[in-house]
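# Coordinate inspection notes
Next come the chains, spelled out residue by residue.
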Amino acid sequence: MSRSGAVERAIAALRTGRAVRIEAGEPFVFVSIETATPELLRLLDPESKSPLLISGRRAAALSLANERDAADPAQPVLVAREPWLDRAAAITLADPAQDLARAPIGPLHSLRLKSPDAAQAALVLTRAAGLLPAVWLVDAPDASISIPLDELVGDNLQPDVTLLSRARLPLDGMPDTQIFAFRGSDDGQDHVALLVGAFGGKPPLVRLHSECLTGDVFGSLKCDCGPQLKEALRLIGAAGGGVLLYLRQEGRGIGLANKLRAYALQDRGLDTVDANLRLGFSDDERDYAHASAILRALGIEEVRLLTNNPNKVAALEAEGIKVAERVAHHMPANPHNADYLAVKREKSGHLP
Ligand SMILES: Nc1nc2c(ncn2[C@@H]2O[C@H](COP(=O)(O)OP(=O)(O)OP(=O)(O)O)[C@@H](O)[C@H]2O)c(=O)[nH]1
Ligand SMILES: [Zn+2]
């Protein structure tokens, strides 16, 4: 994605309810369904004609077959505007919070997408902004932010990281630790590397930890993140040194608010995978391109990886980092996360 900062500005605009324009031959101007205020919509869509763009997975959850690009859940779906489809109804369309409590919404009709690449890029931006994957397409000539489509697709999608700062950060039992902050070119996030001790000789013990505010900070029992984080640092220290990457892809890449929406769906009986799908995301939206770029920036080409997730191993290897050994990283289950851990094994392919 862009190195120009346009992506960061677009993400900020979407989060604060402003319109973004993607230059794709024809301009593609959109605003988040979640953040657009009624006042802005009256301005951008005075005749209430704007269609809605939602993710293919959300369309599937709403039983809205996309007649044209059927069966590709990764393809966004353009939903025709209906007289009853006002702002409140659009929010219900985007947000599954009420799905289980009300009659199915509709009837809905899909329209042909003139610019599928721009549509896809728009939903990638909403996800990077931590918003629901649903936007109004508005017929407005101007928007606060404008990005050429080619900054959002193809080779430019390969993220880069920039080292911002490094400092000593003595940790309990591991006084010889350094912290590095790297900014991702595509997500604008500050990813963290902890370098513990001195490692040399064999490939270092490495843990890729994805951010989990609820588990890491509050000690939530719903997942295994908190104990995994502590135990990874302990094991790295015991090995004499290694690296922990703290990747800012909260909620398997859907962001904190969306993860909490997934938790609310889990309170109503959905499992961790189905909750993500119902929100319009894939089961796991993370990628490990930042992780491999950071490892490479640290001069690390080969690792011993602490994980139960075979996708992490495959993703690193695909990015050219050799995984010399996978080191299992199981934590004891508790009554609140036993089902979650079972679903990870049974549906997400985690190794037992
Ligand atoms: N969307 C979603 N994210 C969750 C849920 N529970 C935990 N998470 C997130 O899942 C991620 C867990 O990351 P990791 O522990 O690094 O990865 P993993 O895929 O479990 O693989 P391991 O390396 O074996 O631990 C964190 O970003 C959590 O915030 C959930 O129910 N829904
Ligand atoms: Zn967690």
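If you're wondering where the values come from, they're calculated on a predicted model, not measured in any experiment. (Residues numbered from 1 in each chain as written. Chains lettered and ligands numbered in written order. Predicted model: local features only at pLDDT ≥ 70, side-chain atom pairs only at ≥ 80, totals over all residues. Heavy atoms only, no water.)

### Quick word on the sheet that holds strand β4 (residues 77–79)
Put simply, the rule is: If DSSP finds at least two bridges between two strands, the strands pair. Only DSSP runs of H or I covering at least 4 residues are called helices, and only runs of E covering at least 2 are called strands; the numbering of each starts at the N terminus. Any two residues whose heavy atoms approach within 4.5 Å are treated as being in contact. Convention adopted: a line fitted to C-alpha atoms gives each axis, helices being fitted over their contacting stretch, and angles between N-to-C directions are expressed from 0 to 180 degrees.
Read from one edge of the open sheet, seven strands run β5-β4-β3-β6-β2-β1-β7, paired in mixed fashion. Every interior strand has two partners, whereas the edge strands, β5 (110–111) and β7 (145–148), have only one. As paired elements, strand β1 (residues 20–24) and β7 share four bridges and run parallel to each other. Bridge assignment links Arg21 to a residue of β7, and that residue is Ser146. Relative to β7, helix α1 (residues 6–15) is tilted by about 135°, and along the sheet it contacts β1, β2 (26–32) and β7.

### Examining the site of ligand 1
Applied cut-off: It suffices for a single heavy atom of a residue to lie within 4 Å of a molecule or strand for the residue to be listed as near it. Under the rule applied, a polar contact is a pair of N or O atoms within 3.5 Å (in protein, one hydrogen donor and one hydrogen acceptor; residues adjacent in sequence only if both atoms are side-chain atoms). Note on areas: these come from Shrake-Rupley sampling with a 1.4 Å probe, and a residue is covered only by the protein chains present in the view. In this count, Pro and Cys sit with the nonpolar residues alongside Ala, Val, Leu, Ile, Met, Phe, Trp and Tyr, while Asp, Glu, Lys and Arg are called charged and the others, Gly among them, polar.
Close to ligand 1 lie 26 residues; Arg207, Arg286, Thr307, Lys312 and Lys344 are nearest. Between ligand 1 and the protein, one listed contact pairs an oxygen atom with a backbone N or O atom of Gln249 at 3.3 Å. In the model, an oxygen atom of ligand 1 is placed 2.9 Å from a nitrogen or oxygen of the Asn309 side chain. Relative to its free-state accessible area of 660 Å², ligand 1 is covered by the protein chains to the extent of 99%. Contributing elements (two or more residues each) for the shell around ligand 1: β11 (205–210), α7 (225–238), α8 (250–253), α9 (256–267), α10 (272–279) and α13 (338–346). Looking at the shell around ligand 1, the element that brings in the most residues is β11, giving four residues. Class assignment for the residues of the shell around ligand 1 results in six nonpolar, 12 polar and eight charged.

### Here we look at the pairing of strand β6 (residues 134–138)
Side-chain direction in a regular strand flips from residue to residue, so the side chains alternate between the two faces of the sheet. This is how it is decided: When a residue's accessible area, from a 1.4 Å probe over protein chains only, is under 20% of the maximum for its type it is buried; when over 50% it is exposed; and in between it is partly exposed.
In terms of burial, β6 is largely enclosed, as five of its five residues are buried. Sheet analysis places β2 next to β6, joined by four bridges and oriented antiparallel. Its bridge partner being in β6, Val29 is matched across the sheet by Val138. Where strand β3 (residues 52–54) meets β6, three bridges bridge the pair, whose relative direction is antiparallel.

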